[in-house]
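# Tertiary structure, described
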Amino acid sequence: MAGTDRRLNESRRTTIYTEAMQVFQHAADLIGLDRRVRMELEEPDYEHIFYVTVKLHTRLTPLPAKDADKYKDLGDSELLPDGLEPLLDGSFVFKRRALINANVSMREGVVRLKGKGLYKVLPGKPERFKAYRVQHNQARGPYKGGIRYHQDVSLDLFKTLAAEMTWKTAIADVPFGGGKGGIRVDPRSLSSEELEALTLRYMYKLKPLVGPDLDIPAPDVGTDGTIMGLLLRQYTDGERERHKLRGVVTGKDTRIGGSEGRLKATGQGLAYTIQEWFADRGATPAGSTFILQGFGNVGSNAAEILTGLGSKLRAVNDAGGTIFNPNGIDIADLIAYVYDNPSNLRRTVAGYPKAQQINKLDLWDVEADIAIPAALGGEITGPVAERLKVKLVAEGANGPTTPEGDRVLAKRGIELIPDIIGNAGGVTVSYYEWIQNKRMEHWSETEVNGRLEQAIKSNYRIIRDISRNTPRRTATHNSTRYCIGKEVDMRTGAMVLALKRIEAHYQLEGFSQ
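Residues numbered from 1 in each chain as written. Predicted model: local features only at pLDDT ≥ 70, side-chain atom pairs only at ≥ 80, totals over all residues. Heavy atoms only, no water.

## Re the pairing of strand β10 (residues 143-150)
Note the following rule: We call a residue buried when its accessible area falls under 20% of the maximum for its residue type, exposed when it is over 50%, and partly exposed in between, using a 1.4 Å probe and counting protein chains only. Numbering of helices and strands runs from the N terminus; a helix is a DSSP stretch of H or I covering at least four residues, while a strand is a stretch of E covering at least two. Strand pairing is defined by DSSP finding a minimum of two bridges between the two strands. With the strands aimed away from the viewer, a crossover counts as right-handed if its path from the first strand over the helix to the second runs clockwise.
Counting buried positions over the eight residues of β10 gives eight, a clear majority of the element. Where β10 meets strand β12 (residues 215-219), five bridges bridge the pair, whose relative direction is parallel. Each residue of the ladder has a partner; that of G146, found in β12, is A218. Both β10 and strand β11 (residues 178-184) contribute to a ladder of four bridges, which runs parallel. From the neighbouring strand, R148 faces β11, where its bridge partner is G182. On the question of chirality, the crossover connecting β10 to the parallel β11 by way of helix α5 (residues 155-172) is right-handed.

If you want it as structure tokens, here you go:
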């Protein structure tokens, strides 16, 4: 009996995944989702876990100060500058070309780098990394979802993110399902060559599981267009008609089959939903203010687009620090400081000289019209939601608000643009990229953004109608088949839309036996 009780308790324990699926369960109950469809969606189709091994390069790590006296007479070593790649921890990755025309003085594995100090040589060695790919559902089309490189990933997190992609692709009304994957690694701890080797090896292992009509990865946290190019190269290496396989990944550089507008697509889509929120009130974003958490691809692009619409950025937080300027932050200048400054290895807003440095928790106390969480999940907890001094939370990250945070926002009357529509611009333009690859076409940014605006705004209006229980058919959208006869919150409304679209496939196609 004790063993049975233990297993029951384990099956009932709250995880990231079960917590995230609460909205699914609630919406499924509201619409009376067919039991068999519900069971198809409650757990992923496939959960893949494997390991990737690569050889790391030799490193030069700073010698502890207590050992420095022993080497005070050690002469300077002069190495080729571009043969040493700096890492965030103060060490350098040693590349073979560093020895070209080098003058090296070494004793007991210690060298003195001219102008830098004493360093210990740590020989390179193989390292093993845990890798994942979760494929949640493919009722509406091939699995689709990002590749994340981060030290805190887990199977449970990827299950959550893969499920969210299933809902997001349905909400965006693109013919994909949901998937997600990546590697447990801090990409900033690796050199560019090591990151390349890790990426190529990951795709070597992943290749049987993905394909342009099976599962289509894209960038996510810790990855970008460069990583997508490497994945494409490894996947198509040796294939006779490799040009037909460009659609195996999206988010590529435009010069190798990527789509115009893809880099800014997630931030652009978020801006479109914010525009709709203001339009519903007979206003525009001009003259509004916002605070931002996260200054990566989503956050920086959303901020650039919103300031272009006349909104003012008052405070920004990222993993490195938090800055505040009550008069507004010059977004172009901040982007240059973060991304074009060679000395800013961490790519952080911390230390930006034209704003006040504040504590992370103080970010949530800054008064503004909009808060945009665009970093990692679980940031807007109940206590954070209690502190917010905004009218709207527009979610750019995946799952940034906890269930408790949702309840507090609702209690305080703070409105919400949920992530599964707020950040759906990325996967929508990924679909456009996939189409362009299939057709061997290249669309202009104007065409891409025109399509994106229509898709995001029409689906946002449907979700708003579901939330308010106001079924309408207009020239831009039709919500009559999705409203459920009662009002619901926006997050539930978005899930209702997703589930009704997914359920239609099962109802009309049936089940294979």
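Read on for the rest.
## Digging into empty space enclosed by the protein
Spelled out, the test is: A cavity here means a set of points on a 1 Å grid, drawn over the protein atoms and nothing else, where a 1.4 Å probe fits but cannot get out; a pocket is an open set with protein on both sides within 12 Å along at least five of seven lines, and a residue lines either one if it has an atom within 4 Å of a point. Grid points are joined across faces, edges and corners, and a volume is the space filled by probe spheres set on the points. Amino acids outside the nonpolar list (Ala, Val, Leu, Ile, Met, Phe, Trp, Tyr, Cys, Pro) and the charged list (Asp, Glu, Lys, Arg) are all regarded as polar, and Gly is one of them.
Across all of its chains, the model carries one cavity of 30 Å³ or more by this definition. Volume-wise, the largest cavity comes out at about 40 Å³. Lining the largest cavity are P212, H243, K244, L245, R246, G247, W434, N437 and K438. Split into classes, the residues belonging to the lining of the largest cavity amount to three nonpolar, three polar and three charged.

## A look at helix α16 (residues 445-468)
Keep this limit in mind: The span one expects for a helix is its residue count, reduced by one, times 1.5 Å.
Between its first and last C-alpha, α16 extends 34 Å over 24 residues, near the 34 Å set by a 1.5 Å rise per residue. Immediately downstream of α16, the backbone of N469 shows phi near 55°, a positive value.

## Quick notes on the sheet that holds β10
Quick reminder of the rule: The axes used here are C-alpha line fits, helices contributing only the stretch in contact, and every angle between their N-to-C directions lies in the interval 0 to 180 degrees.
Read from one edge to the other, the open sheet built from five strands follows the order β1-β9-β11-β10-β12, with strand pairing classed as mixed. A strand with exactly one partner marks an edge of an open sheet, and here the two such strands are β1 (46-55) and β12. Across the sheet, the mean angle from the axis of one strand to that of its neighbour is 25°, orientation sign disregarded. Pairing analysis gives 10 bridges linking β1 to strand β9 (residues 126-137), with the strands arranged antiparallel.

## Some remarks on the packing of helix α8 (residues 265-279) against α16
Which entries qualify depends on this criterion: Every angle not falling under 35 degrees, over 145, or within 65 to 115 is termed oblique; those three ranges are roughly parallel, roughly antiparallel and roughly perpendicular. Left-handed describes a crossing whose near helix is turned anticlockwise from the far helix by less than a right angle; the clockwise case is right-handed. In what follows, a contact means two residues having at least one pair of non-hydrogen atoms within 4.5 Å.
Following both chains from N to C, one finds α8 and α16 inclined at 50°, their axes separated by 9 Å at the closest point. In terms of orientation, α8 lies oblique with respect to α16. In this structure, α8 crosses over α16, and the sense of that crossing is right-handed. Contacts between α8 and α16 involve A265, Q268, G269, Y272, T273, Q275, E276 and W277 from the first element and N449, L452, E453, I456, K457, Y460, R461 and R464 from the second. Its residues assigned to classes, the contact of α8 with α16 shows six nonpolar, five polar and five charged.

## Some points on the packing of aromatic side chains
Using the following cut-off: Whether two aromatic rings pair depends on their centres lying within 6.5 Å, for rings of Phe, Tyr and Trp, where Trp uses its six-membered ring; planes under 30 degrees apart make the pair stacked, over 60 edge-to-face, and the rest tilted.
Taken as a whole and judged by the stated rule, the model has 13 aromatic pairs. With a centroid separation of 5.3 Å and an interplanar angle of 10°, the aromatic rings of F24 and W167 are classed as stacked. Of this pair, F24 sits in helix α3 (residues 22-31) while W167 is found in helix α5, placing the two residues 143 residues apart along the sequence. An angle of 45° between the planes, with centres 5.9 Å apart, marks the rings of Y432 and W443 as tilted. Remark: W443 occurs in the loop between α15 (425-439) and α16 and Y432 occurs in helix α15; sequence separation between them is 11 residues. Classification of Y432 by relative accessible area gives buried; the value is 6%.

## Some remarks on helix α6 (residues 192-206)
When the terminal C-alpha atoms of α6 are compared, their 21 Å separation across 15 residues agrees well with the 21 Å that a helix rising 1.5 Å per residue should span. Three or more residues of α6 are buried, namely E194, L195, L198, T199, L200, Y202, M203 and L206.

## Quick notes on the layout of surface pockets
Volume-wise, the second largest pocket comes out at about 1,200 Å³. Surrounding the second largest pocket, 47 residues form its lining, V23, T401, T402, D406 and R491 being those nearest its centre. Considering every element that reaches the lining of the second largest pocket, the biggest residue donor is α5, with six residues. Residues that form the lining of the second largest pocket fall into these classes: 21 nonpolar, 12 polar and 14 charged.

Remember that the coordinates give geometry; whether it matters functionally is a separate question.
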